[in-house]
Amino acid sequence: GFHFRVMWLPGAMAGSLWSFGNVGNIVAVQHLGQGAGTSAAQAALFIAGLWGIFYFKEVKKPSVIGKWFISASMTIIGIVLLGHESSPTSIGR
C-alpha cells in the first residue's frame, strides 16, 4: 500500500510547512507589493540551492557552484532593487 502509518506524520508536517510558506508569500505581497513581494518569496529557491550545495552535496564541481553563486547574487541584487523601487519613499521621485 501507501504506507500510511509511516508517512502520515512527515506528510502532514510537509503540508503544514508548505501552507505556512504560502501564507507568508501572501503577506509579503500585501506588504511589499507585487514586484518585491513575489521576488522575495521566490528567494526560497536561493535557500533550497544552499541546502542542495552544502547539506545534500548535490553539486560538487567548483565551477558549477561558482556559477550558481553568481546567478544567486544577481537574483538577490534584483530583489533588493525591486524592494527599493517599490518602497513608499520612492513614489513620486
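Anyway, here's the lowdown on the structure attached to this text. (Residues numbered from 1 in each chain as written. Predicted model: local features only at pLDDT ≥ 70, side-chain atom pairs only at ≥ 80, totals over all residues. Heavy atoms only, no water.)

## Observations regarding the overall build of the protein
Consideration 1: When you go through the protein residue by residue, the secondary structure sums to four helices and zero strands.
Consideration 2: When the elements of the protein are put in sequence order from the N terminus, they spell out α-α-α-α.
Consideration 3: Taken against the 2.2 N^0.38 rule, which gives 12 Å for 93 residues, the C-alpha radius of gyration of the protein at 18 Å runs more than 25% over that of a compact globule.
Consideration 4: Taken over the C-alpha atoms alone, the protein extends approximately 60 × 35 × 15 Å along its principal axes. (Helix = DSSP H or I, 4+ residues; strand = E, 2+ residues; numbered from the N terminus. Rg over C-alpha atoms; globule rule 2.2 N^0.38 Å.)

## Digging into helix α4 (residues 62-85)
Consideration 1: With 24 residues, α4 should reach 34 Å at 1.5 Å per residue; the first-to-last C-alpha distance of 34 Å fits that figure.
Consideration 2: As for α4, its buried residues are in contact with α2 (34-42) and α3 (44-55). (Expected span 1.5 Å × (residues − 1). Contact = heavy atoms within 4.5 Å.)

## A word on unusual backbone geometry
Consideration 1: Its identity as a non-glycine residue notwithstanding, K57 has a phi of 55 degrees, on the positive side.
Consideration 2: Its place among the elements puts K57 in the loop between α3 and α4.
Consideration 3: With relative accessibility at 46%, the residue K57 sits in the partly exposed group. (Buried < 20%, exposed > 50% of the residue type's maximum accessible area, 1.4 Å probe, protein only.)

## What to know about the side chain of S39
Consideration 1: Relative to the elements of secondary structure, S39 occurs in helix α2.
Consideration 2: Of note is the side chain of S39, whose polar atom sits 2.7 Å from the backbone oxygen of G35.
Consideration 3: Ignoring any residue separated from it by four or fewer positions in sequence, one finds S39 in contact with I79 and L82. (Polar contact = N/O pair within 3.5 Å; in protein donor to acceptor, adjacent residues only side chain to side chain.)

## A look at helix α1 (residues 4-32)
Consideration 1: The end-to-end C-alpha distance of α1, which contains 29 residues, comes to 40 Å, matching closely the 42 Å that a straight helix rising 1.5 Å per residue would cover.
Consideration 2: One or two residues past the end of α1 sits G33, with phi positive at roughly 95 degrees.

## Side note on the packing of aromatic side chains
Consideration 1: Scanning the entire structure with this criterion turns up six aromatic pairs.
Consideration 2: The interplanar angle of 10 degrees and the centroid separation of 5.5 Å between the aromatic rings of F46 and W68 together place this pair among those described as stacked. Of this pair, F46 sits in helix α3 while W68 sits in helix α4, and the two are 22 residues apart along the sequence.
Consideration 3: Measuring from centroid to centroid gives 5.2 Å for W51 and Y55, while their planes differ by 75 degrees, and the two rings are edge-to-face. On the criterion of helical spacing, the pair formed by W51 and Y55 is a turn pair, its members being four residues apart in helix α3. (Phe/Tyr/Trp six-rings, centres within 6.5 Å; stacked < 30°, edge-to-face > 60°.)

## Some words on a nonpolar patch on the surface
Consideration 1: The grouping of F4, W8, L9 and M13 at the surface amounts to a nonpolar patch, some 480 Å² of accessible area in total.
Consideration 2: You can see W8 is positioned in helix α1.
Consideration 3: Classification of W8 as partly exposed rests on a relative accessible area of 47%. (Patch = residues over 30% accessible without salt bridge, like charges linked within 9 Å, V, L, I, M, F, W, Y side chains within 5 Å. Areas by Shrake-Rupley, 256 points an atom, 1.4 Å probe, with all protein chains shown as cover. Salt bridge = Lys/Arg side-chain N within 4 Å of Asp/Glu carboxyl O.)

Just distances and angles here, no functional claims.
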